[in-house]
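The lines below spell out each chain.
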Amino acid sequence: MGKTDMNSASSSRKIRIYDRREFGRAAAAALTGAAAARPMPFFGAETPPPAPPLPGAQRRKQGAVYARPLGDTGLWLSELSIGGSPSPPPNVFLAALERGVNYCDTSPRYSQGKGEEGIGKILQGRRDQVYVGTKFTPTRDGVMNTADAIRQVEGSLKRLATDRIDLLCVHGARSEAEVLSDWVFEAMEKLHAAGKARFFGVSVHNTAFEFNRKLIECGKYHALLIPMNMYYDKKALGDNAAKGPEDLAAILKLAAEKGVGIIAMKTLAAGGLANVPTPDGVSPAQAKLRWVLRRPEVTSILNEMVTFEYLADDLAASAADLSPREEAWLRDNAAEGSRRFCRMCRTCEGQCPARIPVADLLRARMYAADYGQIARAKDLARRLRASERLRACTRCGTCEAVCPWRVRTTDLLGDLRSLLG
Ligand code: SF4
Ligand code: SF4
């Protein structure tokens, strides 16, 4: 079974650690520096401004953020969630909780279980303040059964030092066998009956409609964790749109009809546009987050909040709608940035004469080139035997030619070659 962090939140921001004294300055910068015309900062105050109008969405104040219902579960989650990989430090985590963030996402695959252990320690004495989501991974290569799945989840309960998971998800589902098999459903039913898991979801990296339709309509899942960012916007991408935008829109519509909640991942688009200059008043991260938050079907965004600066930036995104300047900046730059963002649809892999795992190699490149996480990139590259795979690559260009999103695979694989020396 692969042990990769496919589900981690994405970031276009270089990590800088703030201490608490800097928090106010970061918050003020996130809010006042972003747009002179925006409402006054609410960060640090107890009362946020009125929620921006969002036709079709239910929204209510929750501390310094807003919350939305998760499908038909009855849970209201903050629009921004905390957790992911890397895990936020405890002081940032606690500051987020104080401000109304009430959903935390993790996985036993994040830092080999240390992510769950860290969250378990932070939540001691605070478990009732937050909904906890984690994941389990049906195998792709070998045999697995109901008992294996239950054992995985019991390991998570122990590391999280809790008696229940609020949203238990299948991690990084690729095939129907991983998510629509009787043994998976049996595991879920047993865990629910024992009070160990309340609701269920699936994290997916492929926005193909048919696969997601089956997940939504099977009646077993309460939520989908799905990639969403401006690179799925048809208007923004123009001729680069391929089929994806229509599929994502159809998935959101069907999920809303069936009462299945949507939690967005990859909202910062793997660092896309990180080096594109912005006009005064535009915060790249806030623009990207607001692009997602303007969809009424979305409940919450999984995003990195590993510093106070990120936390302030993220919470500020919830306080105002996407501005015309932000939208124009995204629209003007999305088409080109899109060509450096792999959607992990794996269409190209079936056409590659050397059977190269293109999507996973591009993910290793993304960790290094976009996130600045060199050690993580090298670890993944080692597990993928990336050097060997790249030597087998004939540079025929087929992957780029067949990619429905016109991703510049040749350039991106070249980046990885340079990284690995
Ligand atoms: S490079 Fe293109 S075809 Fe290949 S997995 Fe990524 S998005 Fe899909
Ligand atoms: S360029 Fe390399 S990875 Fe792409 S299809 Fe050709 S052999 Fe495969």
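Residues numbered from 1 in each chain as written. Chains lettered and ligands numbered in written order. Predicted model: local features only at pLDDT ≥ 70, side-chain atom pairs only at ≥ 80, totals over all residues. Heavy atoms only, no water.

Notes on the nonpolar core
Just so we agree on the cut-off: Nonpolar cores were defined as sets of buried Ala, Val, Leu, Ile, Met, Phe, Trp, Tyr and Cys residues, with membership established by side-chain atoms within 4.5 Å. Residue burial is assigned from relative accessible area. The probe radius is 1.4 Å, only protein chains are included, and a residue is buried under 20% of its type maximum, exposed over 50%, and partly exposed in between. For helices the rule is a DSSP run of H or I covering at least 4 residues; for strands it is a run of E covering at least 2, with both sets numbered from the N terminus onward. Pairs of residues are marked as contacts when any of their non-hydrogen atoms sit within 4.5 Å.
Counting residues in each nonpolar core, the largest one holds 100 residues, and the members touching the most others are Val202, Tyr221 and Met228. A total of 7 residues in this core trace back to one element, the largest contributor, which is helix H13 (residues 358–369). Dropping the residues within four chain positions of it, Val202 is found in contact with Cys169, Val170, Ala173, Val179, Leu215, Tyr221, Ala223, Leu224 and Leu225. Counting residues in each nonpolar core, the second largest holds 12 residues, with Leu70, Leu75, Ile263 and Met265 among its members.

Notes on the pattern of salt bridges
Note the cut-off: The salt bridge definition used is simple: a Lys or Arg side-chain nitrogen within 4 Å of an Asp or Glu carboxyl oxygen.
Tallied over the entire structure, the rule returns 28 salt bridges. Residue Arg127 pairs with Asp166 through a salt bridge whose shortest N-O separation is 2.9 Å. Of this pair, Arg127 sits in the loop between helix H3 (114–122) and strand S6 (131–136) while Asp166 sits in strand S7 (residues 165–173), placing them 39 residues apart in sequence. Note on Arg127: relative accessible area 12%, which makes it buried. The shortest N-O distance in the salt bridge between Glu257 and Lys253 comes to 3.1 Å. With Glu257 and Lys253 both in helix H9 (residues 244–258), this residue pair falls 4 residues apart, about one helical turn. Each member of the pair, Glu257 as well as Lys253, is classed as exposed.

Digging into the site of ligand 2
Applicable threshold: Only a single heavy atom is needed: when it lies within 4 Å of a molecule or strand, its residue is near that molecule or strand. When residue character is reported, Ala, Val, Leu, Ile, Met, Phe, Trp, Tyr, Cys and Pro are called nonpolar, Asp, Glu, Lys and Arg charged, and the others, Gly included, polar.
Neighbouring ligand 2 are Cys352, Pro353, Ile356, Val358, Cys393, Thr394, Arg395, Cys396, Gly397, Thr398, Cys399 and Leu413. Partitioning the shell around ligand 2 into residue classes produces 8 nonpolar, 3 polar and 1 charged.

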